[in-house]
Amino acid sequence: MTTPFDSDRDLADAPRVGGRQPPKDAATLILTRVRRGKPEVLMGRRAPGHVFMAAKWVFPGGRIDRSDFSAASANDLPDRETARLAREVPARRARALALAAVRETFEETGLLLAAPAPAASVAGPWREFRAVGALPDLAALAYVARAITPPGRTRRFDARFFMADARALLHPEPTAGSGELDEIAWLPLAETQSLDLPAITRFVLGEVGERLARPDRPLPFVRMVRGRHLVEHQD
């Protein structure tokens, strides 16, 4: 089913600048937990100096890296998530997207969605992750949304959003991370809509609330078609 996406008013966070920038594969991780009976979500505020979405509250995430195609993991994605991703990308790229979400979250927040493992010495972006004695826990991930940045923006991403329960983390509280996010916090889900949010983050937060009540909810795919934002839902 395809429906309009009515958040065009929020597109000031990604203004049109012209040009033909192709979207790059990226992945995001939405971590949730329950405190005092209320759901919370981990979010960070991007530093004001960023060219893209400066000072906006977002989920941790970023572009896929070459190292994500060969990084080790403790286990595999659940079969349902693998099948959903297989409609869009080859299996090797699907796994790399999941690994990118885990790696970027560690880099930006210090949080490890991982299983304990012997420390290992590896080169590249996975060096610090493996050095602390951990392997990515892909089995904890659910693939919950996809969005492509509209044409003509300064940055364009084909972003896959993954979701995981905080109980799968090796420790529950974030650190300063890489500094890309100048504030990191567990926030009550009910209060997040009052934050300064990118349009797609606002949409996905609503999706998170629905999915916590109904995990088998169809997957939304947000994109621009003939100048209009549409949401296509896929089982």
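Remember, it's a predicted structure, so these values are computed and weren't measured experimentally.

Student: Any chance you could break down the environment of Ala159 for me, citing the residues and the numbers?
Tutor: Mapped onto the elements, Ala159 comes out in strand 9 (residues 157-165). When the C-alpha positions of Ala159 and Thr149 are compared, they lie 8.2 Å apart, and in sequence the two are ten residues distant. Those residues in contact with Ala159 that lie beyond four places of it in its chain are Ala26, Ala145, Arg146 and Ala147.

Student: Summarise the packing of aromatic side chains; cite the residues concerned and give the values.
Tutor: Here a ring pair, both rings aromatic, is described through the centre-centre distance and the interplanar angle of the planes. Going through the model one piece at a time under the given rule, you end up with three aromatic pairs. Ring geometry for Trp126 and Phe129: centres 5.0 Å apart, planes at 70°, overall edge-to-face. By relative accessible area, which is 5% here, Trp126 ends up buried. Take Phe129: its relative accessible area is 0%, and that puts it in the buried class. Connected via pairs of aromatic rings, a cluster forms that spans Phe106, Trp126 and Phe129. Taking the ring centre of Phe221 as reference, the NZ or CZ of Arg146 above it sits at 4.3 Å.

Student: Could you give an account of helix 1 (residues 79-86), naming the residues involved and the relevant values?
Tutor: Think of an α-helix as 3.6 residues a turn; residues three or four steps apart then line up on the same face. Among all positions in helix 1, only Glu81, Arg84 and Leu85 are buried. Along helix 1, the residues classed as buried sweep out an arc of 95° about the axis, all on the same side. Facing away from the buried side of helix 1 by over 90 degrees, the exposed positions are Asp79 and Ala86. Contacts from the buried residues of helix 1 go to helix 2 (91-109), strand 8 (142-148), strand 9, helix 4 (199-213), strand 11 (219-225) and strand 12 (228-234).

Student: Lay out the nonpolar core in plain terms, naming residues and giving numbers.
Tutor: Core analysis: the largest hydrophobic core is formed by 39 residues, its most contacted members being Leu29, Leu31, Leu113, Phe129, Leu141 and Phe162. Ranked by residue count, the leading element in this core is helix 2, at nine residues. The residues contacting Leu141, other than those within four sequence positions of it, are Leu29, Leu77, Pro78, Glu81, Ala98, Val102, Leu113, Phe162, Met163 and Ala164. Ranked by size, the runner-up nonpolar core spans 21 residues in total, among them Trp57, Ala145, Leu187 and Leu189.

Student: I'd like a rundown of unusual backbone geometry, residues and numbers included.
Tutor: The phi torsion at Arg36 lies on the positive side, around 55°, for a residue other than glycine. Within the fold, Arg36 resides in the loop between strand 2 (24-35) and strand 3 (38-46).

Student: Before we move on, could you go through the pattern of salt bridges and cite the residues and values that matter?
Tutor: In the structure shown here, the tally under the stated rule is 19 salt bridges. We note a salt bridge from Glu207 to Arg211, for which the minimum N-O separation is 3.1 Å. Remark: Arg211 and Glu207 occur in helix 4; sequence separation between them is four residues, near one turn of the helix. Given the relative accessible area of 4%, Glu207 is considered buried. Where Glu207 meets Arg217, a salt bridge forms, and the shortest distance between an N and an O atom there is 2.8 Å. Residue Glu207 is located in helix 4, and its partner Arg217 is located in the loop between helix 4 and strand 11; the two are separated by ten residues in the primary sequence.

The rules behind the values
- For every chain, the first residue of the written sequence is number 1, and numbering continues from 1 along that sequence.
- Only residues with pLDDT of 70 or above have their local features reported here, since the model is predicted, and side-chain atom pairs are shown and tallied only from 80 upward, although totals for entire chains, interfaces and linings are computed over all residues.
- No hydrogens and no water enter the side-chain calculation; it runs on all heavy atoms of the structure.
- Put simply, DSSP marks the helices as runs of H or I at least four residues long and the strands as runs of E at least two long, and each gets a number from the N terminus on.
- Note on contacts: a residue pair qualifies if any of its non-hydrogen atoms lie within 4.5 Å across the two residues.
- The aromatic pairing rule takes the rings of Phe, Tyr and Trp, using the six-membered ring of Trp, and pairs them if the centres are within 6.5 Å, calling planes under 30 degrees apart stacked, those over 60 edge-to-face and the rest tilted.
- Buried residues are those whose accessible area, probed at 1.4 Å on protein chains only, stays under 20% of the maximum for their type, while exposed residues exceed 50% and partly exposed ones sit between those limits.
- Geometrically, a lysine NZ or arginine CZ counts as sitting over a ring once it is within 6 Å of the ring centre and also within 35 degrees of the ring normal.
- The directions from the helix axis to the C-beta atoms are what the arc is built from.
- We call a set of buried Ala, Val, Leu, Ile, Met, Phe, Trp, Tyr and Cys residues a nonpolar core when their side-chain atoms join them within 4.5 Å.
- Within this document, salt bridges are pairs made up of a side-chain nitrogen of Lys or Arg and a carboxyl oxygen of Asp or Glu, the two lying within 4 Å of each other.

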